[in-house]
Amino acid sequence: MIPTQLSLLPFLEHEQSPRPANFIPVYEPWLGDLELEYVTEAVRSSWISSLGKYVQQFEAQFARFCGVAHGISTSNGTTALHLALHALGIGPGDEVIVPALTFVASANAVHYTGATPVFADVDPVTWTLDPNDVARRITPRTRAIMPVHLYGHPAPMDAINELARAHNLWVVEDAAEAHGAAIRGRRTGGLGHVAAFSFFANKVITTGEGGMVTTNDEALANRCRMLRDHAMPPESRYWHNEVGFNYRLTNLQAAVGVAQMTRIEEFLRRKRTIAGLYQTGLADIPGITLPTEAPGYTNIFWMYSILVQKPYPLSRDELIVALRAEGIDSRPFFHPLDTLPPYRSAEPRPTALALSRVGLNLPSSPRLTDGQVAFICETIRKLAR
Ligand SMILES: *Cc1c(COP(=O)(O)O)cnc(C)c1O
């Protein structure tokens, strides 16, 4: 088996002091013997770079999981987003509408193309892109909308696709946190023109580092494949019509991905069970708001998240400290991107700003035991007294 110290390492690197043995991390990758077996096979075969059977197998499996025609694996989720935007022809002078409340990679990928990220506010209930604010921010330079399925809840894709149709815009889903999330049973990855996923250690499944572009558009898929490999056309070796990238996933990483795909449905089922336990365990604590699941939507609760407000006696930041003292890790919501130095705007988006001050991610790994979830809920309830 994999030594536990190894799987915990990514979560130790920012900590000041050693954690107690029963510390509950916010997330842990779940790796097993099958991952080790496939990686070993990849090493023995000496196909360790991007040629080898696991890359294509992983792409086919993941595309089928999303219900889309094409999957193009990449070195991480950020390169998947950049590749998708670049393949659509987005570049200098263009604007892409991004929610203010998301991980910084969403905006960075737009910045890399030379285009400008334009931040729209989010909905106070689902915490995802607010289509009314998107509509207000569309200009003649707008080329795309990037909905983010934040913490596992799908963005309102019907309204976003409607706006995109009316204004002739691309829709690029940032699905890095939402493998398997769905609207009326249709999974993310196929809800816009193109989507990007991440397989970082704390995402729903992991390949260490890794990403995937998904789309039903064959021409776009072929363009992404070519650009991912230094823009080398498959039929003409070392002839390059344009500047491409090396954004390839390795066969070693894909071997881990193929093994993870055998358990992704189990991970998602377990995460839903855990969300149900939290919902019961945290019910009716004054000042604690639980995450939503809009009608017709499937939230995968990538990060089970709550809002901490009065009359709860502790602030969000005080609760983080108090939980830590009990051996429970948690994370504050992202800072709105338009408050960060590279993207600062004069007029912050009010809902994103308000949520970022009170939002908290609780431990959400599918490896959590029922007892651990109960302990976390009891601790939050006890601290309310
Ligand atoms: C994780 C994440 C990414 C980037 O993925 P990496 O694989 O870390 O590059 C992009 N967007 C969101 C919303 C994410 O959570």
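Above this note sits the structure.
Model, not experiment: these values are computed from the prediction. (Residues numbered from 1 in each chain as written. Predicted model: local features only at pLDDT ≥ 70, side-chain atom pairs only at ≥ 80, totals over all residues. Heavy atoms only, no water.)

Participant: Talk me through the environment of Gln253; I want residue IDs and the actual numbers.
Facilitator: Residue position: Gln253 is located in helix H9 (residues 251–261). Sequence separation between Gln253 and Phe58 is 195 residues; the distance between their C-alpha atoms is 9.6 Å. In contact with Gln253, not counting residues within four places along its chain, are Thr207 and Glu209. A polar contact of 2.9 Å, which involves the side chain of Gln253, links it to the backbone oxygen of Glu209. (Helix = DSSP H or I, 4+ residues; strand = E, 2+ residues; numbered from the N terminus. Contact = heavy atoms within 4.5 Å. Polar contact = N/O pair within 3.5 Å; in protein donor to acceptor, adjacent residues only side chain to side chain.)

Participant: Which residues make up the site of the ligand, and what values go with them?
Facilitator: Inspection of the region around the ligand gives 14 residues, with Thr78, Asp174, Glu177, Ser198 and Lys203 positioned closest. Gly77 is positioned with one of its backbone polar atoms (N or O) 2.8 Å from an oxygen atom of the ligand. Contacts to the ligand include Lys203, whose side-chain N or O atom sits 3.1 Å from an oxygen atom. Here the ligand, which alone exposes 380 Å², has 92% of that area covered by the protein. (Near = heavy atom within 4 Å. Areas by Shrake-Rupley, 256 points an atom, 1.4 Å probe, with all protein chains shown as cover.)

Participant: A description of the sheet that holds strand E6 (residues 182–183) should follow, citing residues and the corresponding values.
Facilitator: The 3 strands are arranged E7-E6-E11 in an open sheet whose pairing can be described as antiparallel. The open sheet has two free edges, formed respectively by strand E7 (186–187) and strand E11 (297–298), since each of these has just one partner strand. Of the pairings in the sheet, the one linking E6 to E7 comprises 2 bridges and is antiparallel in character. Bridged to Ile183 within E7 is Arg186. (Pairing = 2+ DSSP bridges.)

Participant: Would you mind going over the sheet that holds strand E13 (residues 331–332) in detail, with residue names and values included?
Facilitator: Read across the sheet, 4 strands follow the order E10-E12-E14-E13 without closing on themselves; strand pairing throughout is antiparallel. Each edge of the open sheet carries a strand with a single partner, namely strand E10 (288–289) and E13. The sheet contact formed by E13 and strand E14 (residues 359–361) spans 2 bridges and is antiparallel. Across the sheet, the residue bridging to Pro332 is Leu360, located in E14. Helix-sheet contacts for helix H12 (residues 350–358) involve strand E12 (305–308) and E14, and the interaxial angle to E14 is about 50°. (Axes fitted to C-alpha atoms, helices over the stretch in contact; angles between N-to-C directions.)

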